Amino acid sequence: MGQRTAIRTAVRPAGPYDLVELLRLRALLFDELADPFFNSASGDDGWLDALAVVLTEQLTSDSVRILVVDGAGGRLAACGIGVVEQRLPGPHLLNGRVGQVVGVVTDPAHRRRGHSRAIMRELLDWFREREVSRVDLYASAEGEPLYRDLGFTDHPDPALYWRP
């Protein structure tokens, strides 16, 4: 039997030169959700302009970590974003720091190669370094097995939302 060689996915912090590709991958993420909650009925892509401004600011923020995996031809194979939010401490959040995985997305041509797992491991290390009390995320049906394998469980808090 031949020996199988493990290939390690190279994860790196995103830079300003990655902005166009980050926008492409984030748009892909929402396109695949195919839920009216996440997609404007008007088809207005103005949110991408707002996203470009916010991502540019967040690339240098201490409370945000944007990680990428390079693909071929200057394109990104995958990206993932983590945010640390300071909330009020309580018995369930001793220091009040909560991590949020904002989204992990892999280009369809690069899926099933461990990119999302590699990004998540790096994000979880980053969250540990920042001593967060908890890390939250919303999982797609396709991503849920990965997150559960990494130790994520059902959230004990009931979740509701309100839109003004």
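The chain has the name GNAT family N-acetyltransferase in an unreviewed UniProt entry, where Streptomyces justiciae is given as its organism.

Sheet strands pair by backbone hydrogen bonding; their relative direction is either parallel or antiparallel. Spatially, the five strands line up as an open sheet ordered β1-β2-β3-β4-β5, and their pairing is mixed. The sheet is open, and its two edges are formed by β1 (11-13) and β5 (134-137), each paired on a single side. Taken pair by pair, the neighbouring strands of this sheet meet at an average axis angle of 25°, ignoring direction. In the sheet, β1 pairs with strand β2 (residues 64-70) via three bridges, with the strands oriented antiparallel. If you follow R12 over to β2, its bridge partner there is V68. Each of β1, β2, β3 (76-86), β4 (97-106) and β5 touches helix α3 (residues 115-129); the most contacted strand, β3, lies at about 25° to it.

With respect to the helices and strands, V102 occurs in strand β4. For V102, a relative accessible area of 37% puts it in the partly exposed group. In the structure, V102 is positioned 36 residues away from Y138 in sequence and 8.0 Å away in space, judged by C-alpha atoms. Residues in contact with V102, not counting those within four places in the same chain, are R26, I81 and V83.

Next up on the list: the packing of aromatic side chains. On inspection of all chains with the given rule, the structure shows two aromatic pairs. Here the aromatic rings of W126 and F127 are separated by 5.2 Å at their centres, their planes lie at 55°, and the arrangement is tilted. For the pair W126 and F127, a shared accessibility class is recorded, and that class is buried. With centroids separated by 6.1 Å and ring planes inclined at 70°, the aromatic side chains of Y147 and F152 adopt a geometry described as edge-to-face. Judged by its relative accessible area of 9%, Y147 falls in the buried class.

Attention now moves to the environment of A72. With respect to the element layout, A72 can be found in the loop between β2 and β3. With relative accessibility at 58%, the residue A72 sits in the exposed group. Once the C-alpha coordinates of A72 and H110 are considered, the two residues, 38 residues apart in sequence, prove to be 9.8 Å apart.

This part takes up unusual backbone geometry. Residues other than glycine seldom take positive phi values, yet R112 does so here, at roughly 65°. Tracing the backbone shows R112 in the loop between β4 and α3. The class for R112 is exposed, based on a relative accessible area of 83%. The residue E131 is not glycine, and still its phi comes out positive at about 55°. Relative to the assigned elements, E131 resides in the loop between α3 and β5.

Within β4, seven of the 10 residues are buried, which leaves it mostly tucked inside the rest of the structure. Inspection of the sheet shows β3 paired to β4 by nine bridges, in the antiparallel sense. Bridged to V84 within β4 is G99. When β4 meets β5, the two strands line up parallel, connected through four bridges. Across the sheet, V98 pairs through a bridge with R134, a residue of β5. The parallel pair β4 and β5, bridged by α3, forms a crossover whose chirality is right-handed.

Rules behind the numbers
- Residues numbered from 1 in each chain as written.
- Predicted model: local features only at pLDDT ≥ 70, side-chain atom pairs only at ≥ 80, totals over all residues.
- Heavy atoms only, no water.
- Pairing = 2+ DSSP bridges.
- Helix = DSSP H or I, 4+ residues; strand = E, 2+ residues; numbered from the N terminus.
- Axes fitted to C-alpha atoms, helices over the stretch in contact; angles between N-to-C directions.
- Contact = heavy atoms within 4.5 Å.
- Buried < 20%, exposed > 50% of the residue type's maximum accessible area, 1.4 Å probe, protein only.
- Phe/Tyr/Trp six-rings, centres within 6.5 Å; stacked < 30°, edge-to-face > 60°.
- Right-handed = clockwise from strand over helix to strand, strands pointing away.

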